[in-house]
Amino acid sequence: MVDSKLARIMSIAGSDSGGGAGIQGDIKTITALGGFATSAITAITAQNTLGVNSILNIPIEMIEDQILAILDDIGTDAIKIGMLSNKNTIHCISNLLSKINKNIPIVLDPVMVAKGGQKLLDIGAEETLIKELMPLCSIITPNIPEAEVITGKKINNIEDLKTTGQEIIKMGIDNVLMKGGHLKTNSLTDMLISINKVDYFYSSKILTNNTHGTGCTLSSAIACGMGQNMSLYASVERAHAFVNKSIKYAPNLGKGNGPLNHLVNNIKN
């Protein structure tokens, strides 16, 4: 294990030209929290705060070469996975990760739809994600629409959030962080659900359009914590607080869903 300040965190995700989410958001988050970020880009998106204009998938061979280049030299202490976009990419990543050290934490943000509503995962690829990749991960971090796709269950309230998370655990997943941001409540509740335990993380809900990249930021922050040898609970706790503060002090950029402030730790309360 390297010094905790230089824990090596690999992000396998899509590129966001707007800089708030995807690889760019991950690198900013990991750096802000004291890790060393590496990346394997799975897709290039032309997007801004108003939405995704176009997507170019990276060839499978190039995705694989990026990951192997990192593992063969720099190595990694944790892995965060974001946008994979299609069945072949998911199969490639699953095959590679099934062969690495089982002690390396893997955090999956099961990205399916962009903030503006554009689909980021091909139709039919969900099953490959669920059956091949999810069981390899230490934790998955679905939002409510993603959890509904994974389970086929509707989530209307906090109790639904819990029971749906427990359904995901029954699918062979070790841990799931159920994100409650889409619920129509005054406070925000995230739930960390394991086989025999449920932990709750609360914060005030901030009414704002500056939420682009929250899922990417949260999952890469968790991966960074785990790579720094923090417990899963402590990693989630720090990530939850970091995202909340990053939204609170967002820079108000763009005309749509603006990005977070990943430099928020430089701001004194």
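Quick summary incoming for the structure in this document. (Residues numbered from 1 in each chain as written. Predicted model: local features only at pLDDT ≥ 70, side-chain atom pairs only at ≥ 80, totals over all residues. Heavy atoms only, no water.)

### What about the overall build of the protein?
Along the backbone of the protein there are 8 helices and 9 strands. By the burial criterion, 55% of the 269 residues in the protein qualify as buried. In the protein, once contacts between residues fewer than 6 apart in sequence are set aside, the share between residues at least 24 apart is 65%. Averaged over its 23 positive side-chain charges, the protein has a centre that lies 8 Å from the centre of its 23 negative ones. (Helix = DSSP H or I, 4+ residues; strand = E, 2+ residues; numbered from the N terminus. Buried < 20%, exposed > 50% of the residue type's maximum accessible area, 1.4 Å probe, protein only. Contact = heavy atoms within 4.5 Å. Lys, Arg positive; Asp, Glu negative; His and termini not counted. Charge placed at Lys NZ, Arg CZ, Asp CG, Glu CD.)

### Thoughts on the layout of surface pockets
One number sums up the size of the second largest pocket: a volume of about 160 Å³. Forming the walls of the second largest pocket are Leu-97, Ile-100, Asn-101, Lys-102, Asn-103, Ile-104, Pro-105, Ile-106, Leu-136, Cys-137, Ser-138 and Asp-174. Considering only residue class, the lining of the second largest pocket consists of 7 nonpolar, 3 polar and 2 charged. (1 Å grid on protein atoms, 1.4 Å probe; cavity = no way out; pocket = protein on both sides within 12 Å on 5 of 7 lines; lining within 4 Å. Points joined across faces, edges and corners; volume = space filled by probe spheres on them. Nonpolar A, V, L, I, M, F, W, Y, C, P; charged D, E, K, R; others polar.)

### Looking at a nonpolar patch on the surface
A surface patch of nonpolar side chains, about 280 Å² in accessible area, is lined by Leu-6, Phe-36 and Ile-74. Position of Ile-74 among the secondary structure elements: in the loop between α2 (60-73) and β4 (78-81). (Patch = residues over 30% accessible without salt bridge, like charges linked within 9 Å, V, L, I, M, F, W, Y side chains within 5 Å. Areas by Shrake-Rupley, 256 points an atom, 1.4 Å probe, with all protein chains shown as cover. Salt bridge = Lys/Arg side-chain N within 4 Å of Asp/Glu carboxyl O.)

### A short note on the pairing of strand β7 (residues 176-179)
Going residue by residue along β7, you find Val-176 and Met-178 tucked away on one face and Leu-177 and Lys-179 tucked away on the opposite face as well. Taken together, the 4 bridges between β7 and strand β8 (residues 187-193) define a ladder with antiparallel strand orientation. By the bridge assignment for β8, Met-178 is matched with Met-191. (Pairing = 2+ DSSP bridges.)

### Concerning the packing of helix α3 (residues 87-97) against helix α4 (residues 126-133)
Across the interface, α3 lies against α4 with an axial gap of 9 Å and an inter-helix angle of 5 degrees. Taken together, α3 and α4 sit at an angle that is classed as roughly parallel. In contact with Lys-87, Ile-90, His-91, Ile-93, Ser-94 and Leu-97 of α3, α4 contributes Thr-128, Leu-129, Glu-132 and Leu-133. Grouping the amino acids of the contact of α3 with α4 by side-chain chemistry returns 5 nonpolar, 3 polar and 2 charged. (Axes fitted to C-alpha atoms, helices over the stretch in contact; angles between N-to-C directions. Parallel < 35°, antiparallel > 145°, perpendicular 65-115°, else oblique.)

### Considerations on unusual backbone geometry
The backbone phi angle of Ser-85 is positive, close to 70 degrees, even though this residue is not glycine. Mapped onto the elements of the fold, Ser-85 is located in the loop between β4 and α3. With phi around 70 degrees, Asn-229 is a residue other than glycine that occupies positive phi space. Among the secondary structure elements, Asn-229 is positioned in the loop between α7 (214-227) and α8 (232-248). Since its relative accessible area comes to 63%, Asn-229 is described here as exposed.

### Comments concerning the packing of aromatic side chains
The description of two aromatic rings rests on the distance between their centres and on the angle between their planes. In total, this model carries 2 aromatic pairs according to the counting rule given. Between the aromatic rings of Tyr-200 and Tyr-202, the centroid separation amounts to 6.1 Å while the plane-to-plane angle is 5 degrees, which identifies the pairing as stacked. Geometrically, the ring pair formed by Phe-201 and Tyr-233 is tilted, given 5.1 Å between the ring centres and 40 degrees between the ring planes. With Phe-201 in strand β9 (residues 198-204) and Tyr-233 in helix α8, the pair connects residues that are 32 residues apart, well separated along the chain. Taking the relative accessible area as the measure of exposure, Phe-201 reaches 5% and is therefore buried. (Phe/Tyr/Trp six-rings, centres within 6.5 Å; stacked < 30°, edge-to-face > 60°.)

### Examining the pattern of salt bridges
Opposite charge on two side chains lets them pair, provided their charged atoms get close. Using the criterion set out here, one finds 8 salt bridges in the structure. One salt bridge in this structure joins Lys-80 and Asp-26, with 3.0 Å as the shortest N-O distance. Here Lys-80 is found in strand β4, whereas its partner Asp-26 is found in helix α1 (residues 22-32), with 54 residues between them in sequence. Under the relative-accessibility criterion, Lys-80 is labelled buried at 0%. With a relative accessible area of 0%, Asp-26 lands in the buried category. Among the ionic pairs, Lys-179 bridges to Asp-109, the shortest N-O distance being 3.8 Å. Residue Lys-179 is found in strand β7, and its partner Asp-109 is found in the loop between β5 (106-108) and α4; the two are separated by 70 residues along the sequence. We note that Lys-179, like Asp-109, is buried.

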